[in-house]
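One-letter residues, chain by chain:
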Amino acid sequence: MESLAEKIKELFIKKFKNTPSVYFSPGRINLIGEHIDYNDGFVMPCAINKGMYFAIAENGTDTIHFYSRDYDEKYETPLNKIGADEGWKNYVLGVVDEFQKAGKEIKGFDCVFGANLPSGAGLSSSAALEGGLAFGLNETFNLGYTRKELAFLCQRAEHGFPGVKCGIMDQYANMMGEENHAIYLDCMSFEGVPIPLELGDYSIVLINSRVHHALASSAYNTRRNESETGLQIIRKNSNYKSYRDIKSAASLKKFEIEMGTYVFKRATFIVEEIQRTILASKLLKQKKIKAFGELMFQSHEGQSNLYKVSCAELDFLVKIAKSNPDVVGARMMGGGFGGCTINLVKSSGIAAFIENSLTEYKKEFQISAEPLRVTVSNGTMRLG
Ligand code: GLA
C-alpha cells in the first residue's frame, strides 16, 4: 500500500510540477505532567509514529502556496502580506511570520501536507503542523536554527495568530523526541533527559473520546491566567519563587483565602502534579510500572476535580479503565475538554479492554470511541 508520505509527494508533484523535499512531523503523547509545562514543572512526553507529512519546495516567486490534503483547502499569499487568518492557516502562517520577525529571509515556496493523526484529539496535531513546516523551511532556506530553537519558534507561532498561550511540551517533543524514550523535560531549564520506555508486560493504549470542545483554547488560556494569579499571590506572601519550590499542597493552605476557591484548587493541582511527575520519572527508571500507573490515576483525579480540564466523557473512560484489573494506569491527556485518554494496559488484556471501553462508552454517550495504538518515534525528520 502506498504510504501517506508518497501520496503527499505525488499530490505535490501534480499540483506544483516540481520535486519537493518530504518530511514527517510527529504528534505526541504525554505519560504524566499535564498543564505544568507553563507552571515551571516537569513533563514526560514522547513523539509518536503518527503525525503530519509535508512536501515542500522553493518556487522562485514571492508568493507562498499551501494545500491541506485533509481539508482539501488551498491558501496563497504574497510573502509581504503575512497576517492572521483562521483555522489551520494560522499555524502555518504563524511559523512564516516568526521567521520573518526574526529577520530571516523566506522566499516563495509551495507546501502540501496531510496527517494520519486525528486533530483535536489531544495528540498535538498543532505542534506537528508548526514543526513540520518550520523544520522544512529551516532546511530549504538554510536558516541555521537548532531543533530546540525551532521548538521555541513554533511555540511563539502558536501564541501568535492562533492565540493559544501553550507551554513548550508539544513543540519540544515534536522536535526532540527519541524513539522508544520518554523525554523528562525540565520546563525551567528546558533540558530534556530521555528515559527508556520499558514497560515490561504493559503497553500504551489511547482511546480517543472523539469529543472536542470548541472553547478548549479559551479555557486553556483561562487556566494559564489562574495559575499566574496563584503564583503572584504565593510570591507576594512567601519566599517561594515558583510552584516547584512548594513540596506539598499543605503548604498552600496559608494562601487559600487570598486565592479564592478556583485559584486555590488550580494551585493545589499544580503543586501535586509537579511532585507526582518527579516521582514518576524515578519509577519509570526503576521500571516500577504499577506504581507509575497509580500516579496516572491520581493525575486524572486532579485534572478532573481541581484543575477542571476534563469532561464527562473522559471521566467515564477513565472510570471504565480503572475497573479493569488489566489496567494499571489511565488518565486524560493533553490540553483537555476532550481528546484521548492514555492507558497502561497488560498486553494480554488489550483486546478485551478496548472492546469493553468502546461498548460501554457507546451505551453511555452514543459515540464510537476510537482506539489508537502508537509507537514512540524520533522527532521531526526529513524522509527524502
Ligand atoms: C497543550 C499545550 C501544552 C500543555 C498541554 C497540557 O497540549 O500545548 O503546552 O500545556 O496542553 O499539559
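This text gives an overview of the structure that appears in the document. (Residues numbered from 1 in each chain as written. Predicted model: local features only at pLDDT ≥ 70, side-chain atom pairs only at ≥ 80, totals over all residues. Heavy atoms only, no water.)

### Focus on the overall build of the protein
Which entries qualify depends on this criterion: In DSSP terms, a helix is any run of H or I states spanning at least four residues, a strand is any run of E spanning at least two, and both are numbered starting from the N terminus. Computation of the radius of gyration draws on C-alpha atoms alone. For the globule rule, the value is 2.2 Å times the number of residues to the power 0.38. To sort residues, take the accessible area from a 1.4 Å probe on protein chains only and compare it with the maximum for the residue type: under 20% means buried, over 50% means exposed, and anything in between is partly exposed.
Each helix and strand in the protein was counted, giving ten helices and 13 strands. Taken over the C-alpha trace, the protein has a radius of gyration of 21 Å; the compact-globule value for 384 residues is 21 Å, and the two agree within 12%. Principal axes of the C-alpha set define a box for the protein whose edges measure 60 × 50 × 40 Å. Within the protein, buried positions represent 57% of all 384 residues.

### Side note on the sheet that holds strand 7 (residues 181-186)
Consider a sheet: its strands pair through backbone hydrogen bonds, and that pairing is either parallel or antiparallel. Applied cut-off: Here a strand pair is declared whenever DSSP counts at least two bridges between the two strands.
Spatially, the three strands line up as an open sheet ordered 2-7-8, and their pairing is antiparallel. At either end of the open sheet lies a strand with only one pairing partner, and these are strand 2 (42-43) and strand 8 (192-196). Where strand 7 meets strand 8, five bridges bridge the pair, whose relative direction is antiparallel. In the strand pairing of strand 8, Leu-185 is matched with Gly-192.

### Some remarks on the site of the ligand
The condition that has to hold: We define proximity as follows: a residue is near a molecule or strand when any one of its heavy atoms falls within 4 Å of that partner. Here a polar contact is recorded for every N or O atom pair within 3.5 Å, except that within protein the pair must consist of a potential hydrogen donor and a potential acceptor, and residues adjacent in sequence are included only if both atoms are side-chain atoms. Accessible areas in this description were obtained via Shrake-Rupley with a 1.4 Å probe; residue shielding takes into account the shown protein chains only. Under the scheme applied here, ten amino acids are nonpolar (Ala, Val, Leu, Ile, Met, Phe, Trp, Tyr, Cys and Pro), four are charged (Asp, Glu, Lys and Arg), and all others, including Gly, are polar.
In the vicinity of the ligand, the contacting residues are Arg-28, Glu-34, His-35, Asp-37, Tyr-38, Cys-166, Gly-167, Met-169, Asp-170, Tyr-220, Gly-334 and Gly-335. The backbone of Gly-167 places a nitrogen or oxygen atom 2.9 Å from an oxygen atom of the ligand. Calculation on the ligand without its partners gives an accessible area of 310 Å², and the protein chains cover 94% of this total. Across the shell around the ligand, the residue classes tally to four nonpolar, four polar and four charged.

### A short note on the pattern of salt bridges
Close approach of charged atoms allows side chains of opposite charge to pair. Condition: By definition, a salt bridge exists where a carboxyl oxygen of Asp or Glu is found within 4 Å of a side-chain nitrogen of Lys or Arg.
Scanning the model with the defined rule gives 18 salt bridges in all. For the salt bridge of Asp-97 with Lys-101, the shortest nitrogen-to-oxygen distance reads 3.5 Å. With Asp-97 and Lys-101 both in helix 2 (residues 87-101), this residue pair falls four residues apart, about one helical turn. A relative accessible area of 14% means that Asp-97 is categorised as buried. For Lys-101, a relative accessible area of 58% corresponds to the exposed category. For Glu-360, the salt bridge goes to Lys-363, with nearest N and O atoms at 3.3 Å.

### As for the environment of Asp-72
Along the polypeptide, Asp-72 turns up in the loop between strand 4 (63-68) and strand 5 (73-78). Judged by relative accessible area, which is 57%, Asp-72 ranks as exposed. As for Asp-72 and Glu-301, which are separated by 229 residues in sequence, their C-alpha atoms are 40 Å apart. Polar contacts involving the side chain of Asp-72 include one to the side chain of Tyr-67, which spans 2.5 Å.

### Describing the packing of aromatic side chains
Definition in use: Within 6.5 Å between ring centres, the rings of Phe, Tyr and Trp (the latter by its six-membered ring) count as paired, and their orientation is classed by plane angle as stacked under 30 degrees, edge-to-face over 60, tilted in between.
Counting across every chain of the model gives 16 aromatic pairs. For the ring pair Phe-24 and Tyr-53, a centre distance of 4.9 Å and an interplane angle of 45 degrees mean the geometry is tilted. Taken together, the residues Phe-24 in strand 1 (residues 21-30) and Tyr-53 in strand 3 (residues 45-58) connect sequence positions 29 residues apart. For the pair Phe-24 and Tyr-53, one class covers both residues: buried.

### A closer look at the packing of helix 6 (residues 216-237) against helix 7 (residues 256-285)
Note the threshold: Throughout, an axis means a line fitted to C-alpha atoms (over the contacting stretch in the case of helices), and angles, computed between N-to-C directions, take values from 0 to 180 degrees. Comment on the angle field: the value is read as roughly parallel under 35 degrees, roughly antiparallel over 145, roughly perpendicular from 65 to 115, and oblique elsewhere. Here, residues are in contact when the closest pair of their heavy atoms is within 4.5 Å.
Contact geometry for helix 6 and helix 7: axes closest at 9 Å, N-to-C directions at 100 degrees. On the basis of the axis angle, helix 6 is roughly perpendicular to helix 7. In this structure, helix 6 contributes Arg-223, Glu-226, Ser-227, Thr-229, Gly-230, Ile-233, Ile-234, Lys-236 and Asn-237 to the contact, and helix 7 contributes Glu-258, Met-259, Val-263, Arg-266 and Ile-270. Within the contact of helix 6 with helix 7, the residues separate by chemical class into five nonpolar, four polar and five charged.

### With respect to the layout of surface pockets
Empty space left among the atoms is revealed by rolling a probe the size of a water molecule over them. This is how the line gets drawn: For cavity detection a 1 Å grid was placed over the protein atoms alone, and a set of points counts as a cavity when a 1.4 Å probe fits there but cannot get out; an open set counts as a pocket when protein lies on both sides within 12 Å along at least five of seven lines, with lining residues being those that have an atom within 4 Å of a point. Grid points are joined across faces, edges and corners, and a volume is the space filled by probe spheres set on the points.
Quantified by volume, the largest pocket comes out at close to 980 Å³. Of all the secondary-structure elements, those providing two or more residues to the lining of the largest pocket are helix 2, strand 6 (109-115), helix 3 (125-140), helix 5 (169-176), helix 6 and strand 11 (338-346).

### Details of the side chain of Arg-331
Along the chain, Arg-331 turns up in strand 10 (residues 327-332). Polar side-chain contacts of Arg-331 include one of 2.8 Å to the side chain of Glu-34.

### Focus on the nonpolar core
The line we're drawing: Only buried Ala, Val, Leu, Ile, Met, Phe, Trp, Tyr and Cys residues count toward a nonpolar core, and they belong to the same one when joined by side-chain atoms within 4.5 Å.
By size, the foremost hydrophobic cluster in this structure holds 104 residues, and its most contacted members are Ile-29, Leu-31, Phe-66, Phe-109 and Leu-133. In terms of residue count, the dominant contributor to this core is helix 7 (eleven residues). Within the second largest apolar cluster, 17 residues are counted, among which are Val-205, Leu-317, Ile-350 and Ile-354.

### Quick word on the sheet that holds strand 13 (residues 381-382)
Overall, mixed pairing links the six strands, which are arranged 5-4-6-3-1-13 in an open sheet. Each having just a single partner strand, strand 5 and strand 13 make up the two edges of the open sheet. Across two bridges, the pairing between strand 1 and strand 13 is antiparallel. By the bridge assignment for strand 13, Tyr-23 is matched with Arg-382. Where helix 1 (residues 4-16) meets the sheet, its contacts fall on strand 1, strand 3, strand 4 and strand 6, and the angle it forms with strand 6 comes to roughly 145 degrees.

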